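If you want the building blocks of each chain, they are given just below.
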Amino acid sequence: MEIRLFQYVIEIYKMKSFTKAAANLHIAQPSLSKQISKLEDELGILLFNRYSTGIEITEKGKLFVVRAQAILRMHDNLQKELEDSKNIKENSITIGVTPITGGHVLPPLLKQFMHQYQTVKVKFLEDSSENILKLLVNAKVDFALLSLPIKDERLKYEPFLTEALYLAVPKNSPNWLPPLSNRLTDYENCPFILLKSGFDFRSKVLSLCANHQFQPAVAYETSSIETAQALVLNGLGVTIVPEMVIKHDNPSTIRYIKLEHATRTLVFAHVKNFYLSQASKNFINMAKSTEVSTFN
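Only a predicted model underlies this, so the values are computations on that prediction, with no experimental measurement involved.

(A) Main features of the sheet that holds strand β4 (residues 121-126). Across the sheet, which stays open at both edges, the six strands sit in the order β4-β3-β5-β10-β6-β9 with mixed pairing between neighbours. Of all strands in the sheet, those bounded by a partner on one side alone are β4 and β9 (239-242). Neighbour-to-neighbour, the strand axes of this sheet turn through a mean angle of 25 degrees, independent of strand direction. Here strand β6 (residues 155-170) runs beside strand β10 (residues 254-271); their pairing, made up of 14 bridges, is antiparallel. Within the sheet, the bridge partner assigned to P159 lies in β10 and is V267. Of the strands in this sheet, β5 (143-147), β6, β9 and β10 are in contact with helix α8 (residues 200-211), which crosses β10 at around 125 degrees. Its contacts with the sheet put helix α11 (residues 278-288) on β3 (92-97), β5, β6 and β10, and the angle it makes with β6 is roughly 45 degrees.

Now the structure itself:
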């Protein structure tokens, strides 16, 4: 049984069509149908029910797909490991990262890594944490820099750094702003500026507010922490930012208040059953040994 047959069955299952699968696989539809029929005869089972209106995978077909996906993953991991160990191709890594973290953490890490490993090509994809997770499990990135909690059981992670969280408030003290304190509950009636849905930092802020028994009144949503701070600067609300942000982006007309018992932990996450290249391991180990002050 050839590896390509596993790929064929999985593509048919995904597309729910022999015709669409054949187009994606760049083979003729009659040839694909013939090869799958031959495979079914060899196995002595029916993988797909064929109807005039379309196809439907059988129960045994579903079992085949699960096993085939595992076999293809093992095959892919083996190829990557052999290529990695023998340097058959030039090493490269692709990192998934969210905009907040990417803009403040990656540059110094990339500079340090490229100095040590000049032959390794490094790329990064910047997106919401929700989309980064999809890229991870679909092997579009090798690993990702995310913040806890991570609930996807397909992933494993290694802690990187923990930093304090700050409340950003307008310095001109608008009339809706209460007396300043480091207790988040004192600001429950303020208009809040949050990142859009899909960003893990938004989830972190909402969880933090929930732990203090209130739900923030969301005045504005954005995909940029810089935009959030600009809105604060203009007296349109308050927002919460991680410490690394205020070290770099510190407008003189914003006041930052360190919140009590409020932190976030960044981790390097990757898929449990996917091969992690030596170049990726080198990057993660280098980052974990880097002084936190590098990002301040």
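Alright, that's what it looks like, and here's the rest.
(B) Structural view of helix α3 (residues 29-43). Counted at 1.5 Å a residue, the expected span for α3 with its 15 residues is 21 Å, and the 21 Å between its end C-alpha atoms agrees. L32, S33, Q35, I36, L39 and E40 are the residues of α3 that are buried. Mapping the buried residues of α3 onto a view down its axis gives an arc of 165 degrees, with all of them on the same face. Every exposed residue of α3 that faces more than 90 degrees away from the buried side is listed here: P30, K34, K38, D41 and E42. Looking one or two places after α3, you find G44, whose phi comes out positive at around 75 degrees.

(C) Spatial organisation of the pairing of β10. When β5 meets β10, the two strands line up antiparallel, connected through four bridges. Paired with A144 across the bridge in β10 is A269.

(D) View of helix α1 (residues 3-15). The end-to-end C-alpha distance of α1 is 19 Å, a good match for the 18 Å that 13 residues give at a rise of 1.5 Å each. At the exit of α1 stands K16, carrying a positive phi of roughly 55 degrees.

(E) Representation of the environment of Q118 in the model. Examined against the element boundaries, Q118 turns out to sit in the loop between α6 (106-116) and β4. Judged by its relative accessible area of 63%, Q118 is exposed. Separated by 42 residues in sequence, Q118 and F160 place their C-alpha atoms 23 Å apart.

(F) Fine view of the pattern of salt bridges. Overall, the coordinates contain eight salt bridges when judged by the stated rule. Of the charged contacts, one joins K288 and E158 as a salt bridge, the two residues approaching to 3.0 Å between their closest N and O atoms. Taken together, the positions of K288 in helix α11 and E158 in strand β6 put the pair 130 residues apart, joining distant regions of the chain. K288 sits in the partly exposed class, given a relative accessible area of 38%. For E158, a relative accessible area of 22% gives the class partly exposed. Residue R202 pairs with E221 through a salt bridge whose shortest N-O separation is 2.7 Å.

(G) Focus on the packing of α1 against helix α2 (residues 18-25). Two elements in contact, α1 and α2, have axes whose closest approach is 8 Å; the angle formed by their N-to-C orientations is 125 degrees. The angle between α1 and α2 falls in the class oblique. Handedness of the crossing formed by α1 with α2: right-handed. Contacts between α1 and α2 pair Y8, E11, I12 and M15 from the former with F18, K20, A21, N24 and L25 from the latter.

(H) Layout of the nonpolar core. Ranked by size, the top nonpolar core spans 57 residues in total, and within it F160, L167, L184, F192, I240 and F283 carry the most contacts. Counting residues per element, this core draws most heavily on β6, at eight residues. Leaving out residues up to four positions away in the same chain, F192 has contacts with L167, L184, Y187, C209, F214, P216, A217, V218, A219, Y220, V238 and I240. V9, I12, A68 and L72 belong to the second largest nonpolar core, which has 19 residues in total.

About the thresholds
Residues numbered from 1 in each chain as written. Predicted model: local features only at pLDDT ≥ 70, side-chain atom pairs only at ≥ 80, totals over all residues. Heavy atoms only, no water. Pairing = 2+ DSSP bridges. Helix = DSSP H or I, 4+ residues; strand = E, 2+ residues; numbered from the N terminus. Axes fitted to C-alpha atoms, helices over the stretch in contact; angles between N-to-C directions. Contact = heavy atoms within 4.5 Å. Expected span 1.5 Å × (residues − 1). Buried < 20%, exposed > 50% of the residue type's maximum accessible area, 1.4 Å probe, protein only. Arc of directions from axis to C-beta. Salt bridge = Lys/Arg side-chain N within 4 Å of Asp/Glu carboxyl O. Parallel < 35°, antiparallel > 145°, perpendicular 65-115°, else oblique. Left-handed = near helix turned anticlockwise from the far one by under 90°. Core = buried A, V, L, I, M, F, W, Y, C linked by side-chain atoms within 4.5 Å.

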